[in-house]
Protein chains: 2
Amino acid sequence: MPREIRVNAFTLQSPVHQTPGLWRHPEDRSTDYNRLEFWTDLARILERGLFDGIFTADSLGTNDVYAGTLDGALRGGIHVPKNDPLLSLSAMALVTEHLGFGVTSNAIQEPPYAFARRMTTLDHLTKGRIGWNIVTGHSASGARAVGAELIPHDQRYDVADEYLDLVYELWEGSWDDDAVPRDKASGVFIDPTKVRPVRRQGGRFSTDAIHLAEPSPQRTPVLYQAGASGRGRAFAAQHAECVFISGPTARALAPIIADTRRQAAQKGRDPAELLFFSLATTIVGRTEEEAQAKLADYRRYIDIEGALVLYSAWTGIDFSLFSLDEPVRHQQQEAGIHSALEVFTRADPNRVWTVREIAEHVAIGGRGPVFVGSPGQVADAIEHWVDEAGVDGLNLSYALMPGGFEDFGTLVVPELQRRGRFKQRYAPGTLREKLYGPGRARLPAAHPAAVSRRPQTPG
Amino acid sequence: MPREIRVNAFTLQSPVHQTPGLWRHPEDRSTDYNRLEFWTDLARILERGLFDGIFTADSLGTNDVYAGTLDGALRGGIHVPKNDPLLSLSAMALVTEHLGFGVTSNAIQEPPYAFARRMTTLDHLTKGRIGWNIVTGHSASGARAVGAELIPHDQRYDVADEYLDLVYELWEGSWDDDAVPRDKASGVFIDPTKVRPVRRQGGRFSTDAIHLAEPSPQRTPVLYQAGASGRGRAFAAQHAECVFISGPTARALAPIIADTRRQAAQKGRDPAELLFFSLATTIVGRTEEEAQAKLADYRRYIDIEGALVLYSAWTGIDFSLFSLDEPVRHQQQEAGIHSALEVFTRADPNRVWTVREIAEHVAIGGRGPVFVGSPGQVADAIEHWVDEAGVDGLNLSYALMPGGFEDFGTLVVPELQRRGRFKQRYAPGTLREKLYGPGRARLPAAHPAAVSRRPQTPG
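Residues numbered from 1 in each chain as written. Chains lettered and ligands numbered in written order. Predicted model: local features only at pLDDT ≥ 70, side-chain atom pairs only at ≥ 80, totals over all residues. Heavy atoms only, no water.

Another point: the interface of chain B and chain A. The interface is formed by 72 residues belonging to chain B together with 72 residues belonging to chain A. Contact between chain B and chain A buries roughly 6300 Å² in total, counting both sides, with carbon and sulfur atoms accounting for 62%. There are eight salt bridges connecting chain B and chain A. Between R118(B) and E110(A) there is a salt bridge, with its nearest N and O atoms 3.1 Å apart. (Contact = heavy atoms within 4.5 Å. Buried area = accessible area lost by both parts, 1.4 Å probe. Salt bridge = Lys/Arg side-chain N within 4 Å of Asp/Glu carboxyl O.)

Least-squares fitting of chain B to chain A yields an RMSD of 0.0 Å, with the superposition described by an axial translation of 0.0 Å and a rotation of 180°. Put plainly, the chains are arranged around a two-fold axis. Taking the C-alpha atom as reference, chain B places A91(B) closest to the rotation axis, 1.9 Å from it. Mapped onto chain A, 100% of the interface residues of chain B are again interface residues, and the two copies thus contact each other with one and the same surface. (Least-squares fit on C-alpha atoms with pLDDT ≥ 70 in both.)

This brings us to the pattern of salt bridges. Summed over all chains, the structure comprises 84 salt bridges over all chains. Among the ionic pairs, R419(A) bridges to E415(A), the shortest N-O distance being 2.9 Å. Overall, R419(A) belongs to the partly exposed group, its relative accessible area being 25%. With relative accessibility at 15%, the residue E415(A) sits in the buried group. Ionic pairing is found between E172(B) and R453(B), a salt bridge with its closest N-O pair at 2.8 Å. Of the two residues, E172(B) is situated in helix α6 (residues 153-173) and R453(B) in the segment after α16 (431-436); the sequence distance between them amounts to 281 residues. Linked by salt bridges that have partners in common, D380(A), E383(A), D387(A), E415(A), R418(A), R419(A) and R421(A) make up one network. (Buried < 20%, exposed > 50% of the residue type's maximum accessible area, 1.4 Å probe, protein only. Helix = DSSP H or I, 4+ residues; strand = E, 2+ residues; numbered from the N terminus.)

It is worth spelling out the confidence of the model for chain A at this point. Residues and elements named next belong to chain A. The pLDDT averaged across chain A works out to 93; a share of 94% of its residues lies at or above 70. Segment residues 334-346 is flagged for pLDDT under 50; beyond a separation of four residues in sequence, or across chains, it makes 34 contacts in the model. Taken together, the chains of this predicted complex give a pTM of 0.96 and an interface ipTM of 0.96. (pLDDT = per-residue confidence, 0-100.)

Structure representation (structure tokens):
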């Protein structure tokens, strides 16, 4: 039986996420990114479209590789300004019942004790709909913002491991399941014998305190992570429940997924329970012609400089140094092979791209595929992609906000439903239960967080 | 003309704030403190009652002086569990239009760069209704929770001064007012010549980055502070717009207020613009008899141990060491004279209190007065208190949640309105404009934050 395809909406609290210049389109609302109603309207649209969740990227860094300054990023609004993604969640939770919330927070920059309480608070307020996208911060600018040195790539994951050990113990170990009787008759709100402090000294993160919030529906939020590097895959295999990946072709993703699943199995986890979401953008019309006309219209608004700001940040190459019609040379392709350039080089190794062509491609779709066409054509492309890559769903980007998500919900979802590839309605329960089934609100025993749990009183 | 009396609702995201045991009352909803609807329902009640704002305390510390353990605090739910107060604000903002939000955040424990963005994000989402209660953390348990040593009292304010200098520059100095044209025609979202990094090195807090969020309606949130000590008053005189104080009698507050205002004037600020809010609780019925019956009913639910947990934390004296019927001795009164014991000793220096009597008094009303009676009697008491102390308003606590606030809004507010002491409707604009008048969305030029501002382009 074909498997259900899951879909998260991929967003950033900024006027531009993956589509430089499109904020200028008359139907685009991205410039309202700092208004609460923008987010509550979006949440309603996503829940109507049966999206599994809204996944919000974040970082304290800025895109300053292009021309060695922030000017291009500022002009184009390219990930700046950028608001904190945690603070609109309770309003979005209020206007929805099922939508999941995957939010990004940095496991080096945010102090773990307060962060753990923040996640538990959100898990309470959303009735168990919170996920955490664990990032470690790749940019020197993000480190400078908080007055720190950028830690080398692999070491950042070591720090994150230590951070996770601490927050796992706060979430899973500090309070027993039956620690909070709330008993009006006896006057006992919490049973003191069922709560204990977490004590860590001498490492990078120290604490000596009980978790300040009582156990929430999921305790540990659903754990998201994006990492395709060797160390990143090991980290995902250890910790992640949902893994976000991006790549040029479905074929390019399959070996990364297989390797990560293999490592998870070696660690005693069920490899099938690592759910992979790959980046994709859809531009859909009622007919193929309508979709192609939309694409042609959207392309009129592309911000070439903005696209190169993004592309320079992804590759580490300053593309302001080249003329737009210059072919991208082999050594630049090599330098970028592990990041954005593979979008082009692996998909068609013989084609020579100019800087402008790359920018135009990046400006709608980023590092992932763009599926354009009628509902049937887009559903075909999605099915093919998902099955070939072996992913469990899409992290869906958009050309127009919120129109791209609205079109997906009204045009593509019904087609996928007809094919038995999309849920007819939300499953009950928490985000983790929606992903793994009834009774699965908490992390499974094979997850490393479970070692923090104390034996519970039977009954 | 008599001045308008302002009122904030004083809360904590915990089952118990100032009323140990009252969560057991059948009409009390405090045990739902971790549900989103609890907070949105409360926000609607407060806005119907024309409350100026909801003021939420917070700390990462716990009350562990009583018996030298957390057990009493846990049993009674005394400030534990305690959720993060920032995360429900957007939902409360969604269901209200005018209510202000004063939230507590620690200026030593929360990294300033990310905190500044958090406040700016909230100021955007609430359309300028955010205030920040600046605290520095007085408890050893709070320091241990984040793996730090407790900094001595006066030094904490020095650290907070440095913290404020940094966040002021992020809020006021990094972006010009006209830095964000959002111009679809030219494609310029931000004018790069009107944004600049904040650079701080070598002190306790470092950064080298632009503020990541664009200017919000108020830029700097309305600044709240609670500090009656010598150093605390100097800090308030320097930074605070709203000052929260508590004391046993109106007479005891007047000299503190006068001294703080004098110091503010010395610093070039308008002393009348420091607004003082003092703690008070009202128990009001349609008649005096009804109010007294309510008080008698409420007292049946008092948690004596819980009250002593609070009182031990406030005074630093472990009251588990004394029997409940033991008179509180002079040396204990002396030790606590600058904190909670003054509630009793200054109000009636000749009375000898037993431990139990103190606990019963603390359990409804905390360190402030309790006004019990008909709407007219309570309005009389409030007017008398406010005028004698010279405060601008009340930080209102409650016996029952949310009934105490509901009663105040429906019974006391109309009476104060009839007397010309309470607004008939909300003023338009941001929280700061509601406090200081139209055109006052930003801090005045005499405030120390203003030195961070750059000269703006005319026009």
